[in-house]
Amino acid sequence: MSIELSLRGLRAGYGAVEVLHGVDLDVPAGALTALLGPNGAGKTTLLSVVAGLLPARAGQVVWAGRDITRVPPDGRARAGLALVPERRGIFTALSVRENLEIFAGHGAPPDAALAAFPVLAERLGQRAGSLSGGEQQMLAMSRVMLRDPRLMLLDEISLGLAPRVTRRLFDVVGELARGGTTVLLVDQYLSDALRLADVVYVLARGEVVFAGEPGELAGRALPGYVTSVLG
Ligand SMILES: Nc1ncnc2c1ncn2[C@@H]1O[C@H](COP(=O)(O)OP(=O)(O)OP(=O)(O)O)[C@@H](O)[C@H]1O
Ligand SMILES: [Mg+2]
C-alpha cells in the first residue's frame, strides 16, 4: 500500500496547552484508516491540523509526497481534501438543495450525491435544520462527496445516531474507499469502524498507543482508560 498522508512528529494545541505530543501516523492510499480514541484524546485536533484549520507547532503533514504543513486550508481543499466536521457543518437555515448547490459550485449537479442517500432526494425543499440527525449527517457527507475528494476526513459521523443509520453511512464510506478515495475516519467506538477499516490507530491523551490492522487490536494490551471507553 502506498502512503497518501503522513504525519511526522506532529505537535499542536490551544494557547498554553499542547494536545498532540508528537504524533506519527500513515494513511494508506485508497483505503480506510480508522482513528479511534476516547473523548479529549485529540482526534478532532488532529483532523483540524490535517485540514489546515489549526497550525502545527512542530512536525510535518505530508500529502501525496508534498509537505503541506504551511499550506492554508483553501489550498488543501482545492487539491482534493475534504473534511466532514464533528458538528456536520451544514447550513441549517437553508434547504437541502441550497446546501448541496453551495458546495457543488458551478456545474456539478447535486443529483450525483443523492444516489448514495435517496432519502435526501425526497427532502430537497426541506430546511436542513429540520432533517433528522441521520439525514443531516447524510447531507454533510453528500456535500463533500459532490467534490469527489481525493482525501476525506470524517469526524464521528456516527455520533448519536441509531445503529441502522450508522451502518448505512459506514457502508457508503466503505464504498468510497473501495472506489479509490483515501478515507481517515474518526470514531469513538470499535465496532462499526473496525468492520470497515484496513488500518487502525488508537490515540489517547495526544499520543498514538496502537497502530496496526484491526485483527491485531483484540490481543493488544492498551491502557485501561482506553479499553474501558473503546470496549
Ligand atoms: N478550541 C479549543 N480551545 C481550547 N482547548 C481545546 C479546543 N478544542 C479542543 N480543546 C481541548 O483539546 C483536547 C482534545 O480535544 P479534541 O476535540 O481534539 O478531542 P477528541 O478526541 O476529538 O474528543 P471527542 O471524542 O470528545 O470529540 C481536549 O482536552 C479539549 O478540551
Ligand atoms: Mg472530536
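Residues numbered from 1 in each chain as written. Chains lettered and ligands numbered in written order. Predicted model: local features only at pLDDT ≥ 70, side-chain atom pairs only at ≥ 80, totals over all residues. Heavy atoms only, no water.

Student: Explain the domain arrangement of the chain here, please?
Tutor: Often the size quoted for an interface is simply the accessible area lost on bringing the parts together. Split by domain assignment, the chain resolves into domain 1 (3–80 + 149–230) and domain 2 (86–148). For domain 1 and domain 2, the distance between their C-alpha centres works out to 23 Å. Residue-level contacts link 15 residues of domain 1 with 13 residues of domain 2. Taking both sides of the interface into account, the surface hidden between domain 1 and domain 2 amounts to around 1,200 Å²; carbon and sulfur atoms contribute 70%. Seen at the junction of domain 1 and domain 2, the total is two residue pairs in polar contact (both at pLDDT 80 or more). Every element with two or more residues in the side of domain 1 that touches domain 2 is listed here: β7 (151–155) and α7 (163–178). Take the side of domain 1 that touches domain 2: its biggest share by element is six residues, from α7. Each residue belonging to the side of domain 1 that touches domain 2 can be placed in one class, and the counts come to 10 nonpolar, one polar and four charged. (Domains from an automatic or database assignment. Contact = heavy atoms within 4.5 Å. Buried area = accessible area lost by both parts, 1.4 Å probe. Polar contact = N/O pair within 3.5 Å; in protein donor to acceptor, adjacent residues only side chain to side chain. Helix = DSSP H or I, 4+ residues; strand = E, 2+ residues; numbered from the N terminus. Nonpolar A, V, L, I, M, F, W, Y, C, P; charged D, E, K, R; others polar.)

Student: Even after reading the chapter, I still don't get the pairing of strand β3 (residues 32–36), so can you show me in this structure?
Tutor: With respect to burial, β3 is a largely interior element, five of its five residues being buried. Sheet analysis places β3 next to strand β8 (residues 182–187), joined by five bridges and oriented parallel. Residue L35 lies in a different strand from β8, and its bridge partner there is V186. In terms of strand pairing, β3 meets strand β9 (residues 199–204) through four bridges, oriented parallel. Within the sheet, the bridge partner assigned to L35 lies in β9 and is Y201. (Buried < 20%, exposed > 50% of the residue type's maximum accessible area, 1.4 Å probe, protein only. Pairing = 2+ DSSP bridges.)

Student: Would you take a moment to explain the site of ligand 1 for this structure?
Tutor: Close to ligand 1 lie 13 residues, the nearest being N39, G40, K43, T45 and E86. One of the side-chain N or O atoms of N39 is found 2.6 Å from an oxygen atom in ligand 1. For ligand 1, an oxygen atom lies 2.5 Å from a polar atom in the side chain of T45. It is helix α1 (residues 43–51) that provides the largest number of residues to the shell around ligand 1, a total of three residues. Split by residue class, the shell around ligand 1 holds four nonpolar, six polar and three charged. (Near = heavy atom within 4 Å.)

Student: Would you mind going over the pairing of β9 with me for this structure?
Tutor: Every regular strand shows the same layout, with side chains that alternate between the two sheet faces. Counting buried positions along β9 gives six out of six residues, so the element sits mostly inside the fold. Both faces of β9 are covered, namely the face carrying V199, Y201 and L203 and the face carrying V200, V202 and A204. Bridging between β9 and strand β10 (residues 207–212) involves five bridges; their strand directions are antiparallel. Across the sheet, the residue bridging to A204 is E207, located in β10. Taking the residues that link successive antiparallel strands as the turn, the β9-β10 hairpin has two residues, and the phi of R205 there is positive, at about 50°.

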